Amino acid sequence: MEIMGDTGTNFIHEIIEEDIRTNKYGKKVHTRFPPEPNGYLHIGHAKAICIDFGTAEKYGGKCNLRFDDTNPSKEDVEYVEAIKEDVKWLGFKWDGLYYASDYFDIMYECAVKLIKKGLAYVCDLSPDEIREYRGTLTEPGKESPYRNRSVEENLDLFERMKNGEFPDGSRVLRAKIDMASPNMNMRDPVLYRILRATHHRTGDKWCIYPMYDFAHPIEDCIEGITHSLCSLEFEDHRPLYDWVVNNVDLGSKPRQIEFARLNLTYTLMSKRKLLQLVNEGIVSGWNDPRMPTLSGLRRRGYTPASIRNFCEKIGVAKTNSVVDYALLEHCIREDLNKNAKRVMAVIRPLKVVIENYPEDKTEWFDIENNPENPEMGTRKVPFSRVIYIEKDDFMEDPPKKFFRLAPGREVRLKGAYIIKCEQVVKDEQTGEIIELRCTYDPESKGGNAPDGRKVKGTLHWVSAAHAIDAEVRLYDHLFTVPNPEDESEGKTFKDYLNPNSLEVLKNCKLEPELYCAAPGSRYQFLRLGYFCVDTVDTKENHLVFNRTVSLKDTWAKIASKE
RNA sequence: UGCGGGAUUGUGUAAGGGUAGCACGAGUGACUCUGGAUCACUUUGUCUGGGUUCGAAUCCUAGUCCCGCAGCCA
């Protein structure tokens, strides 16, 4: 199934098409998405996933999901399960499911091979000494005194590293390349370190673990990856990637291509910082609806299609960039506008009594479920003498462009009647408006004025007698500034946290249609936005809705200018 | 004063010697029983200086600015 549809083209596709033309890989395309299971996937990973899987799909190739689990001290099964779920949810099916840890034996053999070729050695320098010997960006490094050990000694020492004869951190296996290389990565990079940590898959079998730069190219070779797509910061590592591929000689020569990571305004993409938000309780968890994680976006109400579409729209290039969050919002609105059922909900209720409407009467009006899509049909909505409207939809002393309800003014109740505000009832103590007394025009049934008089405003409403209660959670950006990672003013991202990123409204009034709304289901609350039934906190008698995104609000714009 | 990348409107991304286009945002208007949606229109851009050419975002040249790299992280 084509999940990405027509993806246009980009510089990666051009390279691949050239490789296909020249028959470099037998016209095959095989990519992989290689997350480290040390955190949850976020929207930035979604970009990578769409590129990795989408590219394979475009050329009729394959794409593996591979866990790059070479550092047991940071990894956990919790993350691998979450990652699998997120990739599936996004809509992708992997061809092979692999783990770098499946290849530990092969990697060990590769290391032995390098030693035998005289291309790797065991080094006894301490971490501090290694750093010292590495030199700086402008000065070459010095060769380790252990650099010229014999093959036999290296073989012996490396085996004993594996056997656990040496303490953590006491020795490493290093590639013998060039301590004077202008590329720091080539200054005898560490290939293996001693690390006693229980691995989530291999348990305590190993006490030495390969480093990324050594492991990754081997993983790609073993799986027959043709194009190894990764982010820009690995550009400098490509010579080392190629060095390993060439010297380890596993029969295939994958090609690494780098593209720019996704950055989004008003949010963070650093796994470390996201973890900090979780650990410090700043958010409720990885799946907090304010998080840019896939689990957060899912809980918030984003659809997989909207995220894929977003990833398609942002493009692929090598320029560092920051995408406007508004584009993501556009993508979810676009999807939900077409597909979400309309429903009426009053989140800040103001009681309205229609004085000339019979006390014991209820009428059921047919209201369309989605004017964009008539096939979605209609539903019955009850109307009676006492209703709720939105507090914001009434002003006692309205400005010119306000065309909602005001004293003496008429307004249409969506699908029901035209009403007129006759009287405002206030709390005697506080002066707060607590109730409106209105009259309705019995001739305007369904909302049409028989005399053709123009009624500009149309409000959503809920019959008080039939309303069901719900909690509604409104979200705003987690951060108050477009780039919370900007620490130039001596601030940290925590200084930019938005104190108003979550607003909880209780006792919201919903039309009865929502009585059996399923967790995870999405609706448009008329005139308010798109909302999704919370999957975590919704209980038998406690409905919770998350606002996915508001509707575009022209009035809010006008009002804010005044 | 090393190495590797990058620079096109507010944002993102096309154009690879031949009218700088698209999307989002912003603005204006139309329409509307959602101030939604839809439709129409508008606005702003090739980092700088030289050069080649009838013609340069594109080729050459000299700069400028930005990002990444000194984990036994990935």
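Structure: see above.
1. Brief notes about the overall build of chain A
Tallying secondary structure elements over chain A gives 13 helices and 25 strands in all. Taking 24 Å as the expected radius of gyration for a compact globule of 562 residues, we find that chain A reaches 31 Å, considerably beyond that expectation. Seen through its C-alpha atoms, chain A measures out along the principal axes to roughly 100 × 55 × 45 Å. Across chain A, every contact between residues at least 6 apart in sequence was considered, and the portion connecting residues at least 24 apart equals 71%. Taken as a whole, chain A presents about 25,500 Å² of accessible surface, with 47% of it coming from carbon and sulfur.

2. A word on the pattern of salt bridges
Scanning the entire structure with this criterion turns up 51 salt bridges. Linking Lys 341 and Glu 513 is a salt bridge whose minimum nitrogen-to-oxygen distance equals 2.5 Å. Of the two residues, Lys 341 is situated in strand β10 (residues 341–343) and Glu 513 in the loop between β22 (502–510) and β23 (522–525); the sequence distance between them amounts to 172 residues. Judged by its relative accessible area of 29%, Glu 513 is partly exposed. Its salt-bridge partner being Glu 511, residue Arg 379 comes within 2.7 Å of it at the nearest N-O pair. Placement of the pair is Arg 379 in strand β14 (residues 378–383) and Glu 511 in the loop between β22 and β23, with a sequence separation of 132 residues. Pair check on accessibility: Arg 379 and Glu 511 agree, each one buried. One network of salt bridges, with partners in common, ties together Arg 299, Glu 471, Arg 473, Lys 506, Asp 534 and Asp 537.

3. Topic: the packing of aromatic side chains
Taken as a whole and judged by the stated rule, the model has 25 aromatic pairs. Between Phe 383 and Trp 461, the ring centres sit 5.2 Å apart and the planes meet at 85 degrees, which makes this aromatic pair edge-to-face. Here Trp 461 lies in the loop between β19 (458–459) and β20 (462–463) and Phe 383 lies in strand β14, a separation of 78 residues in the sequence. Note on accessibility: Phe 383 and Trp 461 belong to one class, buried. Members of the aromatic cluster, connected to one another through ring pairs, are Phe 104, Tyr 108, Phe 158, Tyr 192, Trp 206, Tyr 209 and Phe 214. For Lys 142, the ring lying beneath its charged end belongs to Tyr 133, and the centroid distance is 4.5 Å. Sitting above the plane of the Trp 89 ring, Arg 298 keeps its charged end 5.1 Å from the centroid.

4. What about the protein's contact with RNA strand B?
Around RNA strand B there are 69 residues in total, and Arg 342, Arg 404, Gly 446, Gln 524 and Thr 554 lie nearest to it. Sugar plus phosphate, as a fraction of atoms of RNA strand B within 4 Å of the protein: 62%. Within the contact set of RNA strand B, a sugar or linking oxygen lies 3.1 Å away from a side-chain nitrogen or oxygen of Asp 68. In the environment of RNA strand B, a sugar or linking oxygen lies 3.1 Å from a nitrogen or oxygen atom belonging to the side chain of Asn 337. Elements that contribute at least two residues to the surface near RNA strand B include exactly α5 (127–134), β6 (190–194), α11 (304–314), α12 (325–339) and α13 (554–561). Top element by residues in the surface near RNA strand B is α13. It accounts for five residues. Of the residues assigned to the surface near RNA strand B, the class counts are 26 nonpolar, 19 polar and 24 charged.

Calculation notes
Residues numbered from 1 in each chain as written. Chains lettered and ligands numbered in written order. Predicted model: local features only at pLDDT ≥ 70, side-chain atom pairs only at ≥ 80, totals over all residues. Heavy atoms only, no water. Helix = DSSP H or I, 4+ residues; strand = E, 2+ residues; numbered from the N terminus. Rg over C-alpha atoms; globule rule 2.2 N^0.38 Å. Contact = heavy atoms within 4.5 Å. Areas by Shrake-Rupley, 256 points an atom, 1.4 Å probe, with all protein chains shown as cover. Salt bridge = Lys/Arg side-chain N within 4 Å of Asp/Glu carboxyl O. Buried < 20%, exposed > 50% of the residue type's maximum accessible area, 1.4 Å probe, protein only. Phe/Tyr/Trp six-rings, centres within 6.5 Å; stacked < 30°, edge-to-face > 60°. Lys NZ or Arg CZ within 6 Å of the ring centre and 35° of its normal. Near = heavy atom within 4 Å. Polar contact = N/O pair within 3.5 Å; in protein donor to acceptor, adjacent residues only side chain to side chain. Nonpolar A, V, L, I, M, F, W, Y, C, P; charged D, E, K, R; others polar.

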